[in-house]
Amino acid sequence: MERVVIITGANSGIGLALCERLLTEDSQLRLCLACRNMQRAEAARAALLTSHSNAHVDLLQLDVGSVQSVLSAAQEVKARYNRIDFLYLNAGIMPNPQLDLNAFFKGLFSRNVVRMFATAEGILTQQDRLNSDGLQEVFATNLFGHFLLIRELEPLLSRLVWTSSSNARRSAFSMEDMQHREGRESYSSSKYASDMLSLALNRQKNSQGLFSSVICPGLVMTNLTYGILPSFFWTLIMPVMWLIRIFTNTFTLTPHNGAEALHWLFLQNPESLDPRAKYHSLTSGLGTNYTQPRQMDIDEGTSDVLYSKLLELEKEVRRKQSEENADEEISAVK
Ligand SMILES: NC(=O)C1=CN([C@@H]2O[C@H](COP(=O)(O)OP(=O)(O)OC[C@H]3O[C@@H](n4cnc5c(N)ncnc54)[C@H](OP(=O)(O)O)[C@@H]3O)[C@@H](O)[C@H]2O)C=CC1
Ligand SMILES: CC(C)=CCC[C@@H](C)[C@H]1CC[C@H]2C3=C(CC[C@]12C)[C@@]1(C)CCC(=O)C[C@@H]1CC3
């Protein structure tokens with residue numbers, strides 16, 4: 001039977017590499033690239049079809065950072081497919097990243113140097129902003145839009161896979177400020193929230209046949225990392241990065257390598273997976289790719305609280321959305 005796989009943020013980087021790998025794995029697959037920019041989505045589809053000419057590749061217009069777009073896209077998915085085998089929640093942003101050079105050089109000579117290269121702890125901040133739905137943009141894109149999509153598609157779903165990060169950190173997240181309005185580590189906070197949400201979804205939904213997993217792709221050269229340092233600089237320091245890879249296998253560097261754990265999960269039986277583990281894409285000094293589970297720093301009670309708070313926010317957002325739609329209908333009639 002033809003399997004249906006939807007991937008958000010599939011037009012570039014790790015998402016696009018995953019598409020390539022999945023089509024190589026199963027040429028009968030029906031892949032749906034869920035992207036905000038249809039021109040980029042068309043280009044990605046064309047690239048996939050050059051190497052897999054008979055592949056079934058559909059496109060879906062989806063801006064995960066917009067409530068209206070998520071609701072419309074979900075309607076479209078329900079009309080098109082009667083089952084979704086895998087939903088990869090991969091789209092993500094890190095706006096206005098700032099590297100703290102002082103902290104970086106201090107870190108270089110500390111005993112936490114390997115940890116710093118693996119997680120970027122203490123050296124990276126971002127500047128977030130409100131979006132047109134009145135939500136923090138990073139929270140809305142990396143977490144809430146995906147949550148709303150899951151809620152809309154729940155009866156069709158069986159497997160969820162989140163692209164999280166080694167940068168996800170408990171201390172960057174606060175339940176009192178789950179959107180991270182106050183701090184400057186919105187990316188870290190949103191990724192920690194996605195780890196917690198995955199655990200909560202497993203606790204709430206495994207009995208109904210829905211399974212969620214979390215992966216970390218490692219440090220990968222993509223548009224996201226080119227926002228931190230320009231691509232020519234990354235190319236310049238590539239030999240240094242190969243060297244660092246000997247000490248931390250998290251420097252996967254290419255989107256193909258970064259997609260290792262995403263691909264690996266596609267081949268696993270969901271019952272065999274650990275809901276408390278993050279599955280890491282790793283690349284050894286010699287360039288061998290493998291997947292390794294590592295325990296997440298999460299407790300179940302807190303993840304359930306986050307789940308309830310997201311349900312509350314969902315209610316609020318839906319109410320606002322239907323009021324806006326009603327206002328629009330009234331002014332259209334006038
Ligand atoms: N690169 C790295 O080192 C790491 C990346 N990650 C995570 O991997 C995931 C993929 O990122 P990566 O491949 O690196 O970077 P890219 O920027 O190449 O890919 C991000 C994808 O997400 C899409 N996207 C962003 N915002 C939205 C939105 N509002 N609606 C729909 N799609 C959107 C982008 O679309 P568009 O082209 O239109 O911008 C793009 O296709 C992210 O979740 C990121 O946080 C995690 C750890 C490390
Ligand atoms: C010599 C050398 C490799 C310098 C680069 C220093 C930093 C720019 C990187 C060190 C650790 C990196 C890292 C990320 C971005 C770039 C670094 C800060 C991420 C935050 C990218 C996005 C993620 O999700 C996790 C990555 C962790 C490691």
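Residues numbered from 1 in each chain as written. Chains lettered and ligands numbered in written order. Predicted model: local features only at pLDDT ≥ 70, side-chain atom pairs only at ≥ 80, totals over all residues.

Undergrad: Got a minute to help me understand the site of ligand 2 in this structure?
TA: Looking at ligand 2, there are 17 residues lining it, with Ala 120, Ser 165, Asn 167, Leu 219 and Val 240 nearest. Secondary-structure elements contributing two or more residues to the shell around ligand 2 are α5 (113-119) and α10 (238-247). (Near = placed C-beta within 6 Å. Helix = DSSP H or I, 4+ residues; strand = E, 2+ residues; numbered from the N terminus.)

Undergrad: Just to check I follow, could you spell out the nonpolar core for this structure?
TA: Residues Cys 19 and Leu 33 are the most contacted members of the largest nonpolar core, which totals 79 residues. With nine residues, helix α6 (residues 137-153) is the largest single contributor of residues to this core. The residues touching Leu 33, leaving out its near neighbours within four places in the chain, are Ile 7, Ala 10, Asn 11, Cys 19, Ala 41, Ala 44, Arg 45, Val 57, Leu 59 and Leu 60. (Core = buried A, V, L, I, M, F, W, Y, C linked by C-beta atoms within 7 Å. Buried ≥ 20, exposed ≤ 12 C-beta atoms within 10 Å, placed from the backbone. Contact = placed C-beta atoms within 7 Å.)

Undergrad: Help me understand helix α1 (residues 13-25) in this model?
TA: Think of an α-helix as turning once every 3.6 residues; residues three or four places apart then point the same way. The terminal C-alpha atoms of α1 lie 19 Å apart, and with 13 residues this matches the ideal 18 Å at 1.5 Å per residue to within 8%. Where α1 is concerned, the buried positions are Gly 13, Ile 14, Gly 15, Leu 16, Ala 17, Leu 18, Cys 19, Leu 22 and Leu 23. (Expected span 1.5 Å × (residues − 1).)

Undergrad: In this structure, what is going on with the site of ligand 1? I would like to understand it.
TA: Inspection of the region around ligand 1 gives 29 residues, with Gly 9, Gly 13, Gly 65, Gly 92 and Thr 222 positioned closest. Here the residues of the shell around ligand 1 sort into ten nonpolar, 16 polar and three charged. (Nonpolar A, V, L, I, M, F, W, Y, C, P; charged D, E, K, R; others polar.)

Undergrad: Honestly, unusual backbone geometry in this entry has me stumped. Any pointers?
TA: The general pattern is negative phi for most residues beyond glycine and trans for most peptide bonds. The backbone phi angle of Asn 96 is positive, close to 45°, even though this residue is not glycine. Among the secondary structure elements, Asn 96 is positioned in the loop between β4 (84-89) and β5 (98-99). Overall, Asn 96 belongs to the exposed group, with 12 C-beta atoms counted inside 10 Å. One non-glycine residue, Ala 120, lies in the positive phi region at around 65°. Within the secondary structure, Ala 120 is located in the loop between α5 and β6 (124-125). Given 22 C-beta atoms within a 10 Å radius, Ala 120 is considered buried.

Undergrad: Even after reading the chapter, I still don't get the UniProt feature "transmembrane region" (unreviewed entry) in the chain, so can you show me in this structure?
TA: With numbering matched to this structure, UniProt assigns "transmembrane region" (unreviewed entry) to residues 224-244. Between the end C-alpha atoms of residues 224-244 there is a gap of 20 Å, over a span that is 76% helix and 0% strand. (UniProt positions renumbered as here; feature names shortened; annotations may be inferred.)

Undergrad: Got a minute to help me understand the sheet that holds strand β10 (residues 289-295) in this structure?
TA: Each strand in a sheet pairs with another by means of backbone hydrogen bonds, the pair being arranged parallel or else antiparallel. Read from one edge of the open sheet, eight strands run β3-β2-β1-β4-β7-β8-β9-β10, paired in mixed fashion. At either end of the open sheet lies a strand with only one pairing partner, and these are β3 (56-61) and β10. For this sheet the average axis-to-axis angle between neighbouring strands, irrespective of direction, equals 25°. Relative to β3, helix α2 (residues 38-51) is tilted by about 170°, and along the sheet it contacts β2 (30-35) and β3. Taken strand by strand, helix α7 (residues 186-205) contacts β7 (157-163), β8 (211-216) and β9 (277-283), and its axis lies near 155° from that of β8. (Pairing = 2+ DSSP bridges. Axes fitted to C-alpha atoms, helices over the stretch in contact; angles between N-to-C directions.)

Undergrad: Help me out: how do you make sense of α6 in this one?
TA: When the terminal C-alpha atoms of α6 are compared, their 22 Å separation across 17 residues agrees well with the 24 Å that a helix rising 1.5 Å per residue should span. Of all the bends in α6, the greatest, near 40°, is centred on Phe 144. (Bend = angle between axes of the 7 residues up to and from the residue.)

Undergrad: Is there a simple way to think about the environment of Leu 18 in this case?
TA: The topology assignment puts Leu 18 in helix α1. Taking the C-alpha atoms as reference points, Leu 18 and Gln 61, 43 residues apart in sequence, are found 19 Å from one another. Beyond its immediate chain neighbours, meaning those up to four positions away, Leu 18 contacts Ile 7, Tyr 88, Ala 259, Leu 262 and His 263.

Undergrad: Even after reading the chapter, I still don't get the packing of α6 against α7, so can you show me in this structure?
TA: A pair of packed helices is characterised by two quantities: the angle between their axes and the separation of those axes. The interhelical angle for the contact between α6 and α7, taken along N-to-C directions, is 15°, at an axis separation of 8 Å. Accordingly, the angle class assigned to the pair α6 and α7 is roughly parallel. The crossing of α6 and α7 is right-handed. Each of Val 138, Phe 139, Asn 142, Leu 143 and Phe 147 in α6 lies in contact with α7, whose residues at this interface are Ser 186, Tyr 187, Ser 190, Lys 191, Ala 193, Ser 194 and Leu 197. Looking at side-chain class alone, the contact of α6 with α7 contains seven nonpolar, four polar and one charged residues. (Parallel < 35°, antiparallel > 145°, perpendicular 65-115°, else oblique. Left-handed = near helix turned anticlockwise from the far one by under 90°.)

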